[in-house]
Amino acid sequence: MKFLKIGGIIFLILILTAGGGLAWLCFSDLPHYEVKNVTYTVHSTPEKVARGKKLASMLCYNCHVNFETGKLTGREMKDAPEFGFIYAQNITQDPQYGIGSWTDAELMYLLRSGINRHGRYVPPYMPKLPHMADTDIESIIAFLRSDDPMVASVAIPDKPCRPSLLTKFLSRVAFKPLPLPEKAVTIPDSSDKIAYGKYLVINLDCWTCHSASFQELNIMEPEKTKGYLGGGNPIKDDALNVIVSANITPHPSSGIGKWSEEKFIRALKTGTVDGRALRYPMIPYTHLTDAEAAAMYAYLKTVPPIDNKVTKN
């Protein structure tokens with residue numbers, strides 16, 4: 001009897017502790033971290049601006065653009081409602097509401113580590129770029145500083161995001177600030193199609209949507225992510241329809257194992273497969289060259305095949 005009483009007390013303490021922790025998590029913000037003081041300056045060139053626009057058009061545009069104006073002033077994202085109310089931020093050059101007052105170092109630190117200049121962790125739904133080459137990071141920043149109309153100053157305030165309990169939990173136990181590279185990061189030679197294709201698949205963020213779940217991404221070692229490139233990740237469009245990401249491993253029946261290079265390039269660049277238009281959030285990557293798309297195909301043919309039949313909807 002005494003044993004049962006003690007056990008009941010311990011159980012009650014555990015319940016109260018768990019409940020208290022849950023209540024604290026509900027009312028807490030996302031984690032804040034110390035921002036490292038780094039020296040970093042981008043020397044812009046027309047070539048960097050052009051390269052940066054190409055990368056930003058594939059990585060940043062679809063989330064940050066206002067489709068009515070074509071400006072990168074942010075918009076509501078409904079792709080992953082499990083993460084809460086998501087609003088992509090204003091990344092125009094406005095000094096008050098955009099990133100006009102940010103330094104090159106602060107922008108680099110955000111893109112690399114996932115921590116903004118106020119020390120706030122940027123949630124899982126914004127791509128982090130720890131594997132991107134130094135020259136490509138510089139190019140994105142050069143574009144954001146350029147006179148391109150997409151990033152011209154627009155004084156539109158951000159709508160505050162409301163992270164879900166899941167986001168707050170994952171941001172404390174799974175997703176942490178990423179380390180800055182300890183040595184120079186370079187782009188693989190394009191003559192090595194597999195290495196170059198891997199670089200593009202990872203740094204254009206294909207792997208996050210096409211793996212099993214946003215919640216289990218291994219950002220520092222993408223290829224160790226559960227269901228890497230095997231599809232099945234449920235993603236919602238702006239109308240809240242669920243679209244399940246495709247299996248793009250080389251499995252012969254449930255992946256792209258029987259696809260020709262030509263079919264893959266056409267699907268990637270035009271957004272069509274066998275005459276059928278692919279649905280959002282998959283968009284045509286019109287900025288890619290055929291050689292870049294072919295390199296991605298070459299890499300995908302080397303990843304371990306996953307038998308995961310994804311039903312088209």
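Keep in mind that what you see is a predicted model, and the values were worked out from it rather than measured.

## Points about helix 2 (residues 46-59)
Argument step 1. Compared with the 20 Å implied by 1.5 Å per residue over 14 residues, the 20 Å span of helix 2 between its first and last C-alpha is a close match.
Argument step 2. Those residues of helix 2 that are buried are in contact with helix 3 (61-64), helix 5 (134-144), helix 7 (193-203) and helix 10 (290-300).

## Section: the pattern of salt bridges
Argument step 1. Applying the stated criterion across every chain, the model contains 15 salt bridges.
Argument step 2. In this structure, Arg-51 and Asp-136 form a salt bridge, with 2.8 Å as the shortest nitrogen-oxygen distance. In this pair, Arg-51 sits in helix 2 while Asp-136 sits in helix 5, placing the two residues 85 residues apart along the sequence. Just as Arg-51 is buried, Asp-136 falls in that class too.
Argument step 3. If you follow the salt bridges from partner to partner, you end up with Arg-51, Lys-54, Asp-136 and Glu-292 in one network.

## Quick notes on the environment of Ile-115
Argument step 1. Its location among the elements puts Ile-115 in the loop between helix 4 (104-113) and helix 5.
Argument step 2. By relative accessible area, Ile-115 is classed as buried at 1%.
Argument step 3. Put simply, Ile-115 and Glu-34 are 81 residues apart on the chain and 8.9 Å apart in space, counted from C-alpha to C-alpha.

## What to know about the side chain of His-64
Argument step 1. Along the polypeptide, His-64 turns up in helix 3.
Argument step 2. Only 2.7 Å separates the side chain of His-64 from the backbone oxygen of Gln-89, close enough to count as a polar contact.
Argument step 3. Those residues in contact with His-64, other than ones at most four positions away along the chain, are Lys-71, Leu-72, Thr-73, Gly-74, Ala-88, Gln-89 and Ile-91.

## Here we look at empty space enclosed by the protein
Argument step 1. Scanning the entire structure with this criterion turns up one cavity of 30 Å³ or more.
Argument step 2. By volume, the largest cavity amounts to about 40 Å³.
Argument step 3. Lining the largest cavity, in full, are Arg-51, Lys-54, Leu-55, Met-58, Leu-200, Leu-204, Leu-288 and Glu-292.
Argument step 4. In terms of residue count, helix 2 provides more of the lining of the largest cavity than any other element does, four residues in total.
Argument step 5. Residues belonging to the lining of the largest cavity are distributed by class as follows: five nonpolar, no polar and three charged.

## Regarding the nonpolar core
Argument step 1. Core analysis: the largest hydrophobic core is formed by 69 residues, its most contacted members being Ile-137, Ile-140, Ile-141, Leu-229, Met-296 and Leu-300.
Argument step 2. Going through the elements one at a time, helix 2, helix 4, helix 5, helix 7, helix 8 (206-210), helix 9 (261-270) and helix 10 are the ones with two or more residues in this core.
Argument step 3. For this core, the leading source of residues is helix 10, giving seven residues.
Argument step 4. Residues in contact with Ile-141, not counting those within four places in the same chain, are Tyr-40, Val-42, Asp-104, Leu-107, Met-108 and Leu-111.

## Digging into the packing of helix 9 against helix 10
Argument step 1. Two elements in contact, helix 9 and helix 10, have axes whose closest approach is 9 Å; the angle formed by their N-to-C orientations is 120°. For the element pair helix 9 and helix 10, the recorded crossing hand is right-handed. Two secondary-structure elements touch here, helix 9 through Glu-261, Phe-264, Ile-265, Leu-268 and Lys-269 and helix 10 through Asp-290, Ala-293, Ala-294, Met-296, Tyr-297 and Leu-300.
Argument step 2. Of the residues assigned to the contact of helix 9 with helix 10, the class counts are eight nonpolar, no polar and three charged.

## A short note on the packing of helix 4 against helix 5
Argument step 1. Two numbers describe how helix 4 lies on helix 5: the axes approach to 10 Å, and their chain directions differ by 120°. When the axis of helix 4 is compared with that of helix 5, the two are oblique. For the crossing formed where helix 4 meets helix 5, the hand is right-handed. For the pair helix 4 and helix 5, contact is made by Asp-104, Leu-107, Met-108, Leu-111 and Arg-112 and by Asp-134, Ile-137, Ile-140 and Ile-141, respectively.
Argument step 2. Across the contact of helix 4 with helix 5, the residue classes tally to six nonpolar, no polar and three charged.

## What about the pairing of strand 2 (residues 84-87)?
Argument step 1. As paired strands, strand 1 (residues 76-77) and strand 2 are joined by two bridges and run antiparallel to one another. The residue of strand 2 that forms the bridge with Met-77 is Ile-86.
Argument step 2. Taken together, strand 1 and the strand that follows it, strand 2, pair antiparallel across an intervening segment of six residues.
Argument step 3. Relative to strand 3 (residues 162-163), strand 2 is paired through two bridges, and the arrangement is antiparallel.

## Digging into the side chain of Asn-203
Argument step 1. Position of Asn-203 relative to the elements: it lies in helix 7.
Argument step 2. The buried category is assigned to Asn-203, whose relative accessible area is 4%.
Argument step 3. One polar contact links the side chain of Asn-203 to the main-chain amide nitrogen of Met-132, over a distance of 2.9 Å.

## Observations regarding the sheet that holds strand 1
Argument step 1. Reading across the sheet, the three strands line up as 1-2-3 and stay open at both edges, with antiparallel pairing between neighbours. Pairing within the sheet leaves two strands with one partner each, and these edge strands are strand 1 and strand 3.

## What about the packing of aromatic side chains?
Argument step 1. Applying the stated criterion across every chain, the model contains three aromatic pairs.
Argument step 2. Centre to centre, the rings of Phe-264 and Tyr-297 are 5.6 Å apart; their planes meet at 45°, and the pair counts as tilted. Linking Phe-264 in helix 9 with Tyr-297 in helix 10, this pair joins segments that are 33 residues apart in sequence. Each member of the pair, Phe-264 together with Tyr-297, is buried.
Argument step 3. Here the guanidinium or amino end of Arg-162 rests over the ring plane of Phe-85, the centre of that ring lying 4.5 Å away.

What counts, and where the lines are drawn
- Residues numbered from 1 in each chain as written.
- Predicted model: local features only at pLDDT ≥ 70, side-chain atom pairs only at ≥ 80, totals over all residues.
- Heavy atoms only, no water.
- Helix = DSSP H or I, 4+ residues; strand = E, 2+ residues; numbered from the N terminus.
- Expected span 1.5 Å × (residues − 1).
- Contact = heavy atoms within 4.5 Å.
- Salt bridge = Lys/Arg side-chain N within 4 Å of Asp/Glu carboxyl O.
- Buried < 20%, exposed > 50% of the residue type's maximum accessible area, 1.4 Å probe, protein only.
- Polar contact = N/O pair within 3.5 Å; in protein donor to acceptor, adjacent residues only side chain to side chain.
- 1 Å grid on protein atoms, 1.4 Å probe; cavity = no way out; pocket = protein on both sides within 12 Å on 5 of 7 lines; lining within 4 Å.
- Points joined across faces, edges and corners; volume = space filled by probe spheres on them.
- Nonpolar A, V, L, I, M, F, W, Y, C, P; charged D, E, K, R; others polar.
- Core = buried A, V, L, I, M, F, W, Y, C linked by side-chain atoms within 4.5 Å.
- Axes fitted to C-alpha atoms, helices over the stretch in contact; angles between N-to-C directions.
- Left-handed = near helix turned anticlockwise from the far one by under 90°.
- Parallel < 35°, antiparallel > 145°, perpendicular 65-115°, else oblique.
- Pairing = 2+ DSSP bridges.
- Phe/Tyr/Trp six-rings, centres within 6.5 Å; stacked < 30°, edge-to-face > 60°.
- Lys NZ or Arg CZ within 6 Å of the ring centre and 35° of its normal.

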